[in-house]
Amino acid sequence: NLEQCRALAKQAVEQGAALLSLPECFEYMGVPGTGDALKAAQPLSGPLMAKYRDLAKAEGIWLSLGGFHEAAPQPEEKMYNTHVIIDKQGALVASYRKLHLFEVDYD
């Protein structure tokens, strides 16, 4: 998905956009009921988010990342559905974490 997002960012910049909004699960969709999204979840300081920060900086565009599978702090085996805003310098400027308050199969 990163390469598709990279292509969309390039296209957006070429068309004069200052902000690219990507949907929920932009980085990984997963197969419901398998737990694979939870296994793939990373912290915001992890290598995948670093690649999106690099993308924003390289293309000079703000990114609104609709829903990133953010790993909750250990020992919790949960993840947040986190909306992230990255500025055109590649800085993470805002995040909003969503988490189900009850047990539900959301991966």
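Note that the structure is a prediction, hence the values are computed from the model and not measured.

As for helix α1 (residues 2–14)
For an α-helix the count is 3.6 residues per turn, leaving residues at separations of three or four pointing the same way.
In step 1: In this model, α1 (13 residues) spans 18 Å end to end at C-alpha, consistent with the 18 Å of a helix rising 1.5 Å per residue.
In step 2: Taken together, the buried positions of α1 are L2, C5, A9 and A12. Seen end-on, α1 carries its buried residues on one side only, within an arc spanning 80°. In α1, the exposed residues that point more than 90 degrees away from the buried face are E3, Q4 and E14.
In step 3: Along its buried surface, α1 packs onto β1 (19–24) and α3 (47–59).
In step 4: Phi turns positive, to about 90°, at G16, one or two residues after α1.

Some words on the nonpolar core
In step 1: In terms of nonpolar packing, the biggest core is built from 18 residues, with M49, Y52, L63, L65 and I86 touching the most fellow members.
In step 2: Looking at this core, the elements that each hand over two or more residues are α1, β1, α3, β2 (62–71) and β3 (79–86).
In step 3: Discounting chain neighbours no more than four positions away, the residues touching Y52 are N1, L2, C5, F26, E27, L63, L65 and I86.

Points about the sheet that holds strand β4 (residues 92–98)
In step 1: Strands sit in the order β1-β2-β3-β4 across an open sheet of four strands; the sheet is mixed. The sheet is open, and its two borders are formed by β1 and β4, each paired with just one other strand. Strand-to-strand twist across the sheet, computed as the mean angle between neighbouring axes with direction ignored, equals 25°.
In step 2: One ladder, built from five bridges, connects β1 with β2; its direction is parallel. Across the sheet, L22 pairs through a bridge with L65, a residue of β2.
In step 3: Packed on one face of the sheet, α3 meets β2, β3 and β4 and runs near 175° to β2.

How each quantity is defined
Residues numbered from 1 in each chain as written. Predicted model: local features only at pLDDT ≥ 70, side-chain atom pairs only at ≥ 80, totals over all residues. Heavy atoms only, no water. Helix = DSSP H or I, 4+ residues; strand = E, 2+ residues; numbered from the N terminus. Expected span 1.5 Å × (residues − 1). Buried < 20%, exposed > 50% of the residue type's maximum accessible area, 1.4 Å probe, protein only. Arc of directions from axis to C-beta. Contact = heavy atoms within 4.5 Å. Core = buried A, V, L, I, M, F, W, Y, C linked by side-chain atoms within 4.5 Å. Pairing = 2+ DSSP bridges. Axes fitted to C-alpha atoms, helices over the stretch in contact; angles between N-to-C directions.

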